[in-house]
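Fold and geometry: a report
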Amino acid sequence: MRPSTLRALQRAAELTRNNRFVEAMATAEPVILAVDPDESQEIARWLTEHADDFVREPEER
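Everything quoted here is computed from the prediction, not taken from an experiment.

Here the focus is the packing of aromatic side chains. Applying the stated rule across the entire model yields 1 aromatic pair. With a centroid separation of 6.3 Å and 80 degrees between ring planes, the pair formed by tryptophan 46 and phenylalanine 54 is classed as edge-to-face. In this pair, the class of tryptophan 46 matches that of phenylalanine 54, namely buried.

So this is what it looks like as structure tokens:
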């Protein structure tokens, strides 16, 4: 997976944890729609392995 794709997914997870769903979708959707079939499989695998990243409590700063 390209580093830019990974960063977008990680940012979407962070936004989701902070209840910023619209921004999370705006961050992840264009990246997901633009990938090739190989990277699409990598994204699906990453999302499955990191589902908790989207639902755990936000980290306190």
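Relative orientation of the contacting elements helix α1 (residues 3–17) and helix α3 (residues 37–49) amounts to 30 degrees, with a least axis distance of 12 Å. Considering how the two elements wind past one another, α1 and α3 form a crossing that is right-handed. Between α1, through Thr5, Leu6, Leu9 and Gln10, and α3, the contact on the second element is made entirely by Glu39, Ile43, Trp46 and Leu47. When grouped by side-chain class, the residues that make up the contact of α1 with α3 number 5 nonpolar, 2 polar and 1 charged.

It is worth spelling out the packing of α1 against helix α2 (residues 21–33) at this point. Two packed helices can be described by the angle between their axes and the distance between those axes. Where α1 meets α2, the closest approach of the two axes is 8 Å, and the angle between their N-to-C directions is 160 degrees. One way to sum up the angle between α1 and α2 is to call them roughly antiparallel. α1 and α2 meet at a crossing whose hand is left-handed. In contact with Thr5, Ala8, Leu9, Arg11, Ala12, Leu15 and Thr16 of α1, α2 contributes Phe21, Glu23, Ala24, Thr27, Ala28, Val31 and Ile32. Class assignment for the residues of the contact of α1 with α2 results in 9 nonpolar, 3 polar and 2 charged.

Basis of the calculations
Residues numbered from 1 in each chain as written. Predicted model: local features only at pLDDT ≥ 70, side-chain atom pairs only at ≥ 80, totals over all residues. Heavy atoms only, no water. Phe/Tyr/Trp six-rings, centres within 6.5 Å; stacked < 30°, edge-to-face > 60°. Buried < 20%, exposed > 50% of the residue type's maximum accessible area, 1.4 Å probe, protein only. Axes fitted to C-alpha atoms, helices over the stretch in contact; angles between N-to-C directions. Helix = DSSP H or I, 4+ residues; strand = E, 2+ residues; numbered from the N terminus. Left-handed = near helix turned anticlockwise from the far one by under 90°. Contact = heavy atoms within 4.5 Å. Nonpolar A, V, L, I, M, F, W, Y, C, P; charged D, E, K, R; others polar. Parallel < 35°, antiparallel > 145°, perpendicular 65-115°, else oblique.

By themselves, these figures tell us nothing about what the structure is for.
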